[in-house]
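Chain and residue survey
Here are the chains, one letter per residue:
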Amino acid sequence: FSTTIQLLLDPLAACFQRRASTTEWGFSEMLTSFGLVNASIDDLNRLALPPAQPWAYGQFELARDEFKTGLYSKSLESVLKTIYGFGSNPGYKTEFRFHFLQGTIRLGSYKNDDRQVIDTADSEAAFLKAARYSSNDLPAEAARSLLCAGRAAFTQGKLDVALKHSSDAIALDGTLAEAYFQSAQVCCALGRPKEASAHLVTAIVYDH
């Protein structure tokens, strides 16, 4: 996510007209760089977070590679296997990273505009699962997942829901600048400019 104040200010100027496009910010392309979502299996082992299902994590690595190369439908197919399994190989339904990647693919972006892949309602649900499965041990990751659930809700025009997800993200990580920025956008769309301004100021303070 860009750390420049200008990136925060430019979209705000027009945010009184609700933006529901999944292309804004290039949001999806930066999601897989978030925290432990981008960690390799070796990194997880070093962090004393050994994979509970080696096959599922192998599929996850494949799904991430496919995502990075723009093979979005293949990436979605692979990540769903990590969750639900395939053949005799069991999935791993409680690994938040798998649901986070599913949500990212389903959200769409300016690069990923495949209407057979994009499903923002499913994206929101996947991010909420990611938040649920990471909230106890990894609250910062849960906050990022809720931020993304808010983004997915925003693209559906569910403004009150989007604001709630963003607020829940802030409750878990009070320094998450992107969550304040998103709250500012939603408040603008709701016609609440004073609240939007307050959120924007806080976003600038925590932007780093």
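Before reading further, recall that the structure is shown in the block above.
A short tour of the structure in this document, coming up. What you see as residue numbers is a count from 1 along each chain, following the sequence as written. Under the rules for a predicted model, residues below a pLDDT of 70 receive no local features and side-chain atom pairs below 80 are neither given nor counted, while totals for whole chains, interfaces and linings still include all residues. Computation of side-chain values: all heavy atoms of the structure, hydrogens and water removed.

Side chains bearing opposite charge may pair, as long as their charged atoms lie close to each other. By definition here, a salt bridge exists when the distance from a side-chain nitrogen of Lys or Arg to a carboxyl oxygen of Asp or Glu is within 4 Å. A complete count under the given rule lists 9 salt bridges for this structure. Notably, a salt bridge pairs Glu95 with Arg97, separated by 2.4 Å at the nearest N-O pair. Looking at Glu95, the relative accessible area reads 6%, which means it is buried. Partly exposed residues are those whose accessible area sits between 20% and 50% of the maximum for their type, while under 20% is buried and over 50% is exposed, using a 1.4 Å probe and protein chains only. Judged by relative accessible area, Arg97 falls into the buried class, the value being 4%. Among the salt bridges present, the one from Lys158 reaches Glu124, with a minimum N-O distance of 2.7 Å.

This brings us to the nonpolar core. Among the buried residues, those of types Ala, Val, Leu, Ile, Met, Phe, Trp, Tyr and Cys that are joined through side-chain atoms within 4.5 Å form a nonpolar core. The biggest cluster of nonpolar side chains holds 23 residues, and the ones touching the most others in it are Ala169, Leu176, Ala179 and Val186. A helix here means a DSSP run of H or I that spans at least four residues, while a strand means a run of E at least two residues long, and both kinds are numbered starting from the N terminus. Mapped by element, the contributors of at least two residues to this core are α8 (139-155), α9 (159-172), α10 (177-189) and α11 (193-206). The residues contacting Ala179, other than those within four sequence positions of it, are Leu147, Ser166, Ala169 and Ile170. Formed by 13 residues, the second largest nonpolar core is a distinct cluster that contains Phe60, Val79, Phe98 and Val117. The contact criterion used throughout is that any non-hydrogen atoms of two residues lie within 4.5 Å.

A few words on the packing of aromatic side chains. Think of it this way: a Phe, Tyr or Trp ring, Trp meaning its six-membered ring, pairs with another when their centres are within 6.5 Å, and the plane angle makes it stacked under 30 degrees, edge-to-face over 60, tilted otherwise. This model, assessed by the stated rule, comprises 7 aromatic pairs. Where Tyr57 meets Tyr92, the ring centres are 6.1 Å apart and the plane angle is 50 degrees; that geometry is what we call tilted. Of this pair, Tyr57 sits in helix α4 (residues 54-68) while Tyr92 sits in the loop between α5 (72-84) and α6 (96-107), placing them 35 residues apart in sequence. For Tyr92, a relative accessible area of 23% corresponds to the partly exposed category. Taken together, a centroid distance of 6.3 Å and an interplanar angle of 75 degrees make the contact between Tyr92 and Phe98 edge-to-face. Residue classification places Phe98 among the buried positions, given a relative accessible area of 0%. The rings of Tyr57, Phe60, Tyr92 and Phe98 are connected pair by pair, giving a single aromatic cluster. Lysine and arginine charges are scored as sitting over a ring when NZ or CZ, respectively, is within 6 Å of the ring centre and within 35 degrees of the ring normal. Positioned above the aromatic ring of Phe86 is the side chain of Lys81, whose terminal nitrogen or guanidinium carbon lies 4.2 Å from the ring centre. The residue whose ring lies beneath Arg132 is Tyr133, and the NZ or CZ to ring-centre distance is 5.4 Å.

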